[in-house]
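Take a look at the letters that make up each chain.
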Amino acid sequence: GCQKASVRKKERSMLGCRCRLSVGSLVAGRCGLRPRLAPVAAARAQPRRRGRVQEPADEDLFSFSSASGPGTREEEEPPRAQAPPTEGSGDAGPQRDVRDAGKSRYDKIALRRREHLRKSRVDTFDLLDEKTGSPGRGARAAAVGAKEVSNRALFRQTPVDAKVMEKIKSLRLCDENRAAQRVAKGKMRAFKRDVSPTHKVPVQMRFYPFFGDVEPEITKFLGVARRDKLRLVATCSTVRQVEEAGPRLPSNFEVAFAGRSNVGKSSLINALSLATCAKSANVPGYTQSLHFYSLKDHLSLVDMPGYGYASAGYDRVEKWNDLVDTYLVSRGKKRLRRVYVVIDARHGIKQNDREFLHMLSKSKVKFQVVMNKTDACKPSDLAKRWWHVNEEIKRLPNAVHRVHMCSCRTGAGVQEITREIYSLAKLIGSSNL
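Basis of the calculations
Sequence positions are assigned chain by chain, starting from 1 and proceeding in written order. Under the rules for a predicted model, residues below a pLDDT of 70 receive no local features and side-chain atom pairs below 80 are neither given nor counted, while totals for whole chains, interfaces and linings still include all residues. Side-chain measures here rest on the full set of heavy atoms in the structure, leaving out hydrogens and waters. Here a helix means four or more residues in a row that DSSP labels H or I, a strand means two or more in a row labelled E, and each is numbered from the N terminus. Here the term buried applies to any residue with accessible area under 20% of the maximum for its type, exposed to any over 50%, and partly exposed to those in between, with areas from a 1.4 Å probe on protein chains only. The contact criterion used is simple: two residues touch if any of their non-hydrogen atoms lie within 4.5 Å. Residue exposure ignores everything except the shown protein chains as possible cover, and the areas themselves are Shrake-Rupley values with a 1.4 Å probe. Only one rule defines a salt bridge in this text: a Lys or Arg side-chain nitrogen within 4 Å of an Asp or Glu carboxyl oxygen. Two strands pair if DSSP finds at least two bridges between them. To get an axis, a line is fitted to the C-alpha atoms, and for a helix only the part in contact is used. The angle between two axes follows their N-to-C directions and goes from 0 to 180 degrees. Working definition of a nonpolar core: buried Ala, Val, Leu, Ile, Met, Phe, Trp, Tyr and Cys residues. They are joined through side-chain atoms within 4.5 Å.

Colleague: When you look at the overall build of the chain in this model, what are you seeing that I'm missing?
Modeller: Helix and strand counts for the chain stand at 18 helices and seven strands. For the chain, the residues scored as buried account for 40% of the 433 residues in total. For the chain, contacts bridging at least 24 residues in sequence account for 69% of all contacts bridging at least 6. On the chain, roughly 26,000 Å² of surface is accessible, and the fraction owed to carbon and sulfur atoms is 51%.

Colleague: Honestly, the pattern of salt bridges in this entry has me stumped. Any pointers?
Modeller: Working definition: two side chains of opposite charge can pair if their charged atoms are close together. Counted by the stated rule, this structure contains 16 salt bridges. R178 serves as the salt-bridge partner of E176, at 2.7 Å between the closest nitrogen and oxygen. Exposure remark for E176: the relative accessible area of 41% places this residue in the partly exposed category. Residue classification places R178 among the exposed residues on the basis of a relative accessible area of 60%. Taking the shortest distance from any N to any O, the salt bridge between K394 and E391 comes out at 3.3 Å. Judged by its relative accessible area of 11%, E391 falls in the buried class.

Colleague: Whenever I open this one, the environment of D322 confuses me. Can you help?
Modeller: One can find D322 in helix α15 (residues 314-330). Of the residues examined, D322 reaches a relative accessible area of 44% and is grouped as partly exposed. Separated by 83 residues in the primary sequence, D322 and V239 place their C-alpha atoms 9.4 Å from one another.

Colleague: Would you mind going over the sheet that holds strand β5 (residues 336-344) with me for this structure?
Modeller: An order of β1-β3-β4-β2-β5-β6-β7 is seen for the seven strands of this open sheet, with the pairing classed as mixed. Pairing within the sheet leaves two strands with one partner each, and these edge strands are β1 (230-236) and β7 (404-405). By the bridge criterion, six bridges tie strand β2 (residues 254-259) to β5 in an arrangement that is parallel. The residue of β5 that forms the bridge with G259 is V342. Each of β5, β6 (367-372) and β7 is contacted by helix α17 (residues 379-393), which is oriented at about 165 degrees to β6, the strand it contacts most. Against the sheet, helix α18 (residues 414-428) makes contact with β2, β4 (299-303), β5, β6 and β7, and its axis sits at roughly 170 degrees relative to β5, the strand it touches most.

Colleague: How should the nonpolar core be read in this particular structure?
Modeller: In summary, soluble globular proteins display a tendency toward joint burial of nonpolar side chains. Counting residues in hydrophobic clusters, the biggest one holds 48 residues, and the most contacted among them are Y327 and V339. Per-element tally for this core: the top contributor is α17, with five residues. Ignoring anything within four residues of it in the chain, the contact list for V339 reads A256, A258, L328, L360, V365, K366, F367 and Q368. Counting residues in each nonpolar core, the second largest holds 33 residues, with L299, Y340, V370 and C408 among its members.

This is the structure we're talking about:
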């Protein structure tokens, strides 16, 4: 068996050699390959000579003359990329050409965005110089011969606020889902024993055991009967469908939920409304259109598609990203009252989150940040991450300077968002409140 395998391998290598020789002989002028590939193939078919081999120029690569070869360009050297200018020269043109060489249009746009964000971004690690006595990134970079410190080492030096830590422990934000399920089973047994064994257990006891007790007016606001609960009103995939769905919406006030794919936007809508109407899945990019939910005709909750990675085609992702941008920019302040940007509490504000926040700030859309998935964090890490997010949000215009922390799996911290939405609807002046 080994001998046969070696023979097959040798035959394949010989076949490859014959193929390469035949291609070289065809390019030499006896057959018609594609004209724009002829100079490259002809140059590869030439015997190797000592010294530097003359490469074909860019004009030869895209020329339609099959007679052009490497011998016709011996006097001219191929164009080289110019070196970047020094600090004294104010010419930035050659530097841009060198930087964009060989990159696609989308890579160039992404590079421009990163440069814009780098200028306007506040590095929270530099703020450690003012907050603590330990040197931050700026002080270490200014020191001569200082050893470079990683972001993880600087993150460990982040101060922990005592009030934030007390809030994390009181709301049980970092308790795991297994502990929450044990609490839920105990509450369900107590409810069936004390109230009625046949009565339906409330949603917050079954799915969100750390949600806590709410006031009667908030319970009335969320709806008691099933017909009063959260319900889907419209699903829109284009801008025209959004305009046509306007008369069908029971309320003129909207609160939208945005964020990266698979960060928990639909789960947050279910948790804060104590319902199971919004569909969610573990697959990134499950929500691919704008879903308008009515919260007992008081206001509309809008579940938007996520940005970032999604298990869908590139064209489809670009389509719903354009839909989200158009909706946020053209909706208006009087109708779209707030946008909750949901981020992952384990990672904080990432690059695409930062781009989205700057877009909202530039478009003068009022937004607020919610840190989800706190049940997967340690209390100290969550407090440090909250400090970094809060310091960056404080410097953005049109942002609500109050960062929420919650877990949609256990219901911890969701009650504060529900109360805030109730206060917002009451401030707007809903006639049913």
